[in-house]
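# Residue-level structure breakdown
Residues per chain, in single letters:
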Amino acid sequence: MKVRIESTRTIKPIYEGNCHPPTTHCISLSIFDKITYNGHIAVIYAYRPPTSANATIEFGLQRALSQYREWAGRLGEGEKGDPVIFLNDKGVKLVEASVDGKLDQLMCLKPSPFSHSLHPSLKDVEELLQVQLTRFTCGSLVVGFTAHHLIADGHSTSNFLVSWGKASRGADMSPLPLHDRTIFIPRKPPHFEFEHKEVDFKSKNLPKDCPNKHKDNFVDDIIVYKVHFTLDFLSKLKARASPPTNNPQSKPYSTFESLVAHLWRAITRARGLSGFETTNVRMSVNRRMRMNPRVPNEYFGNLVLWAFSSARSQDLLREPLPYAAKLIHEAITKVNNNYFKSFIDFIRTRRRRKKTSCRQWR
């Protein structure tokens with residue numbers, strides 16, 4: 001069964017009244033924008049009937065874009081050569097499609113050529129946001145959504161999707177996003193409390209038009225498993241991973257920490273690594289809740305750093321589960337307010353040194 005494309009067009013923001021903002025402004029990417037993935041990500045949402053009409057969803061998207069103008073803009077270079085988002089309202093791509101079949105018969109939970117056809121192509125994309133509305137004969141709707149990661153992280157993108165849903169229902173899009181990407185100010189003098197060698201700062205490698213290198217080819221050698229963990233299993237796992245309950249100074253590890261520790265050990269065992277090989281696990285940490293002063297949840301952009309845990313394979317498998325859980329907990333705990341500020345100082349100082357070196361060389 002194939003997806004039949006019915007129409008493709010560009011959707012631009014709709015502003016209330018005659019309040020049209022200028023289309024010549026631009027926003028510089030923040031430190032955290034520049035270190036994230038320079039490419040598009042794709043997400044698919046499936047809805048059973050009843051569903052809203054395409055025209056209703058389209059109008060809601062246009063309303064939401066008036067508050068999230070970055071999605072309707074374009075990536076490029078500013079006057080100083082730094083990567084920026086041009087707020088030019090060039091718009092996003094909207095694709096309407098249909099499938100001659102029922103969703104239950106065709107939708108698979110694993111990546112496949114069919115599931116890839118339920119969202120717009122990620123190859124040679126100019127738009128920063130694309131939407132595909134695919135209708136099935138049973139009345140179900142699949143919304144394929146692609147977005148450029150330099151514009152926003154998962155938290156910000158989720159806020160946008162909620163606002164889009166509210167706008168489609170005619171509701172207020174509150175709370176409104178915070179667009180100021182200049183709030184990350186380095187300390188004077190800078191203070192480096194941590195090593196940040198794991199950061200690969202690639203902003204200088206961002207080309208003028210930031211083309212997407214992603215290929216649309218389906219990778220056949222990737223095996224995907226869907227695992228369902230029951231609440232009872234997670235509860236017992238958390239109890240096994242956490243410190244003894246008779247120690248009043250120790251708090252239980254979170255469900256996330258306990259589950260990641262369990263998966264880390266299971267995957268390491270399945271890989272058959274030799275005892276002295278180092279195995280690593282990497283986790284993304286949202287800065288919004290960890291900064292002082294706290295960054296509002298409405299901040300729109302990227303605000304994530306990585307937490308890393310490492311261990312020798314033999315230690316990870318020989319020691320009980322609490323050993324791995326402790327490594328996970330310590331790595332996440334380290335990425336705190338001081339860590340984020342140390343990172344900002346490190347990146348800003350590194351950039352100044354590079355500019356000075358270039359001037360001296362010239």
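Residues numbered from 1 in each chain as written. Predicted model: local features only at pLDDT ≥ 70, side-chain atom pairs only at ≥ 80, totals over all residues. Heavy atoms only, no water.

### Notes on the packing of helix H6 (residues 231-241) against helix H9 (residues 321-334)
For the pair H6 and H9, the least separation of the axes is 8 Å and the interaxial angle reads 85°. One way to sum up the angle between H6 and H9 is to call them roughly perpendicular. Contact with H6, carried on its side by Leu237, Arg240 and Ala241, involves Leu321, Pro322 and Ala325 of H9 and no other residues of that element. Here the contact of H6 with H9 is composed, by residue class, of five nonpolar, no polar and one charged. (Axes fitted to C-alpha atoms, helices over the stretch in contact; angles between N-to-C directions. Helix = DSSP H or I, 4+ residues; strand = E, 2+ residues; numbered from the N terminus. Parallel < 35°, antiparallel > 145°, perpendicular 65-115°, else oblique. Contact = heavy atoms within 4.5 Å. Nonpolar A, V, L, I, M, F, W, Y, C, P; charged D, E, K, R; others polar.)

### Focus: the environment of Met291
Along the chain, Met291 turns up in the loop between strand E9 (278-286) and strand E10 (304-312). Judged by its relative accessible area of 9%, Met291 is buried. With 48 residues separating them in the primary sequence, Met291 and Tyr339 have C-alpha atoms 9.4 Å apart. (Buried < 20%, exposed > 50% of the residue type's maximum accessible area, 1.4 Å probe, protein only.)

### Digging into the sheet that holds strand E8 (residues 141-148)
Sheet strands pair via backbone hydrogen bonds, and the direction of the pair is either parallel or antiparallel. With mixed pairing, five strands are arranged side by side in an open sheet as E1-E6-E7-E8-E3. A single partner strand is all that each edge strand has here, and the edge strands are strand E1 (3-11) and strand E3 (40-47). Adjacent strand axes in the sheet meet at a mean angle of 15°, parallel and antiparallel pairs treated alike. Relative to strand E6 (residues 92-99), E1 is paired through eight bridges, and the arrangement is antiparallel. Paired with Ile5 across the two strands is Ala97, which belongs to E6. Each of E1, E6, strand E7 (129-136) and E8 touches helix H2 (residues 54-67); the most contacted strand, E7, lies at about 165° to it. (Pairing = 2+ DSSP bridges.)

### Focus on the sheet that holds strand E2 (residues 26-28)
One open sheet accounts for three strands, arranged E2-E5-E4; its pairing is antiparallel. The open sheet terminates on both sides in strands that have one partner only, identified here as E2 and strand E4 (74-77). Pairwise comparison of adjacent strand axes, ignoring direction, gives a mean angle of 35° for this sheet. Where E2 meets strand E5 (residues 83-86), three bridges bridge the pair, whose relative direction is antiparallel. Bridging from a neighbouring strand, Ile27 pairs with Ile85 of E5.

### Things to note about helix H7 (residues 255-271)
For H7, built from 17 residues, the straight-helix expectation of 24 Å at 1.5 Å per residue is met to within 8% by its first-to-last C-alpha distance of 24 Å. Close packing links the buried residues of H7 with H6, E9, E10, helix H8 (313-318) and H9. Phi turns positive, to about 65°, at Gly272, one or two residues after H7. (Expected span 1.5 Å × (residues − 1).)

### Things to note about the packing of aromatic side chains
Under the defined criterion, the tally for this structure stands at 13 aromatic pairs. When the centroid spacing of 6.1 Å and the interplanar angle of 55° are considered together, the rings of Phe32 and Phe340 count as tilted. You can see Phe32 sitting in helix H1 (residues 31-34) and its partner Phe340 sitting in helix H10 (residues 337-361), a full 308 residues away along the chain. The interplanar angle of 85° and the centroid separation of 6.5 Å between the aromatic rings of Phe192 and Phe346 together place this pair among those described as edge-to-face. One end of the pair, Phe192, is in the loop between helix H5 (154-168) and H6; the other, Phe346, is in helix H10, with 154 residues separating them in the sequence. Here the aromatic cluster, defined as three or more aromatic residues joined through ring pairs, consists of Tyr68, Trp71, Phe145, Phe160, Trp164 and Phe300. The side chain of Arg282 reaches across the aromatic face of Trp306, ending 4.0 Å from its centre. (Phe/Tyr/Trp six-rings, centres within 6.5 Å; stacked < 30°, edge-to-face > 60°. Lys NZ or Arg CZ within 6 Å of the ring centre and 35° of its normal.)

### A look at the side chain of Gln132
Following the sequence through the fold, Gln132 ends up in strand E7. Since its relative accessible area comes to 2%, Gln132 is described here as buried. Engagement of the side chain of Gln132 in a polar contact is seen with the backbone oxygen of Ser117, the distance being 3.0 Å. The contact partners of Gln132, leaving out residues within four places of it in the chain, are Val3, Ile5, Val95, Ala97, Ser117, Leu118, His119, Pro120, Val142, Val143 and Gly144. (Polar contact = N/O pair within 3.5 Å; in protein donor to acceptor, adjacent residues only side chain to side chain.)

### Concerning the environment of Trp71
With respect to the helices and strands, Trp71 occurs in the loop between H2 and E4. Relative accessible area serves as the criterion here: at 0%, Trp71 is assigned to the buried category. A C-alpha to C-alpha distance of 8.6 Å links Trp71 and Leu87, two positions 16 residues apart in sequence. Among residues more than four places away in sequence, those in contact with Trp71 are Leu65, Gly91, Val92, Leu128, Leu129, Ala147, His148, Ile151, Ala152, Thr157, Phe160 and Phe300.

In short, shape yes, function no, at least from these values alone.
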